[in-house]
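# Residue-level structure breakdown
Listed below are the residues making up each chain.
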Amino acid sequence: MPKRSLEVRRISFRKKRDRSDNPQKFAPSDLKGTNLLEIFYTWLSDPNAIPFMEDDSEDCVVIKEITRPSSLTIFIDTNSGKRGEAGEVYTPASTKSVYHITEEEAPTGHTRALLYVPEQGRNALFFSEYCQRGTAGTRLIKLFKRWFDKNYPDILMETEFALEGQEWFEHISAVKSIEFRAHRLPANSYGALGTEKGSFCFEVKPDKGRSFPVKTLLDMKGQEKVASTVFGIPELDGVGESRLLATVIGKDGRSKKVDLADEVMPHFRRTLSESGEPEISNDEFIERCLGYSDEIISRLDG
């Protein structure tokens, strides 16, 4: 069995065309008197809402089952994949092809999604399972947003990936590289280069199989003189953006490049099952999504 993972999108709503500093916002549980769960369930239940293949997309999504596990959730069981590439299907018993797939046929895998709408707060969560074949979640949320924008013209639906919390930095297990990028030049390079415009980058890496101390990385966060104290880069002149980046490995084993100045967290992503392991059951999928929802919502609305 292929590795399976989970990603999460946050969904929020605000008044459309309101460009003020404090636009009117809507709770997903009360969109002009209707809960997002009811709107989404009604849309899903329309047999024409989700074309399993469209001319403008390679994605294939087949809805197998829609259920309401709780008053706060909708669970969607699907087969999903992509079309567009012809090929041959083989079995371990023979090198002779048993089937030819055309460009119009889509091999699919079993993937699931779950919508979570809390009783209060300004954010809902949409969980999408990913496998080797792809995911249905991405296609579903795009189709729903297209439909929502058309049917609720006064409300803007916004979606973005949920991010890890600040505590993610505290559980970094390894620092594989540290990189400084500048969209300007060192002052003492003007004469040699004959210009004052340009950019450069400087990257340091430990020996193979090693890593930099995590404490060193944490001490660099927010420092303005890292370029000179760590990299020995002379004074920078002119106007331009500078960034300090680090490639780190979290406790979950994922490698991620982070910006130490902006402290932008990586996407919230969790492994559901490793390669070679059987996929988790629908009940366990729902249970895990609910467990993660408490963590994410408390951070968003806290």
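Residues numbered from 1 in each chain as written. Predicted model: local features only at pLDDT ≥ 70, side-chain atom pairs only at ≥ 80, totals over all residues. Heavy atoms only, no water.

Okay, the nonpolar core next. Of all hydrophobic cores here, the largest spans 28 residues; its most connected members are Phe13, Phe40, Leu115 and Phe126. For this core, the secondary structure elements donating two or more residues are strand E1 (4–15), helix H1 (36–45), strand E4 (73–82), strand E7 (108–116), strand E8 (124–130), helix H2 (137–151) and strand E9 (155–161). Of the residues forming this core, the biggest block, six residues, is contributed by H1. For Leu115, the residues in contact, after removing those within four places along its chain, are Ile11, Leu36, Leu37, Phe40, Leu72, Thr73, Ile74, Leu125 and Phe126. Leu114, Phe127, Ile280 and Tyr292 belong to the second-largest nonpolar core, a separate cluster that totals 17 residues. (Core = buried A, V, L, I, M, F, W, Y, C linked by side-chain atoms within 4.5 Å. Buried < 20%, exposed > 50% of the residue type's maximum accessible area, 1.4 Å probe, protein only. Helix = DSSP H or I, 4+ residues; strand = E, 2+ residues; numbered from the N terminus. Contact = heavy atoms within 4.5 Å.)

This part takes up the sheet that holds strand E12 (residues 242–250). Read from one edge to the other, the open sheet built from four strands follows the order E11-E10-E12-E13, with strand pairing classed as antiparallel. Each edge of the sheet is formed by a strand with only one pairing partner; in this case those strands are strand E11 (200–204) and strand E13 (255–259). Along the sheet, successive strands turn relative to each other by an average axial angle of 25°, direction set aside. Pairing analysis gives five bridges linking strand E10 (residues 172–182) to E11, with the strands arranged antiparallel. (Pairing = 2+ DSSP bridges. Axes fitted to C-alpha atoms, helices over the stretch in contact; angles between N-to-C directions.)

Attention now moves to the side chain of Ser29. On the secondary structure map, Ser29 appears in the loop between strand E2 (25–26) and H1. A polar contact of 3.1 Å, which involves the side chain of Ser29, links it to the backbone oxygen of Glu119. Residues contacting Ser29, with those up to four places away along its chain left out, are Thr34, Asn35, Val117, Pro118 and Glu119. (Polar contact = N/O pair within 3.5 Å; in protein donor to acceptor, adjacent residues only side chain to side chain.)

This is a description of form; function is not addressed.
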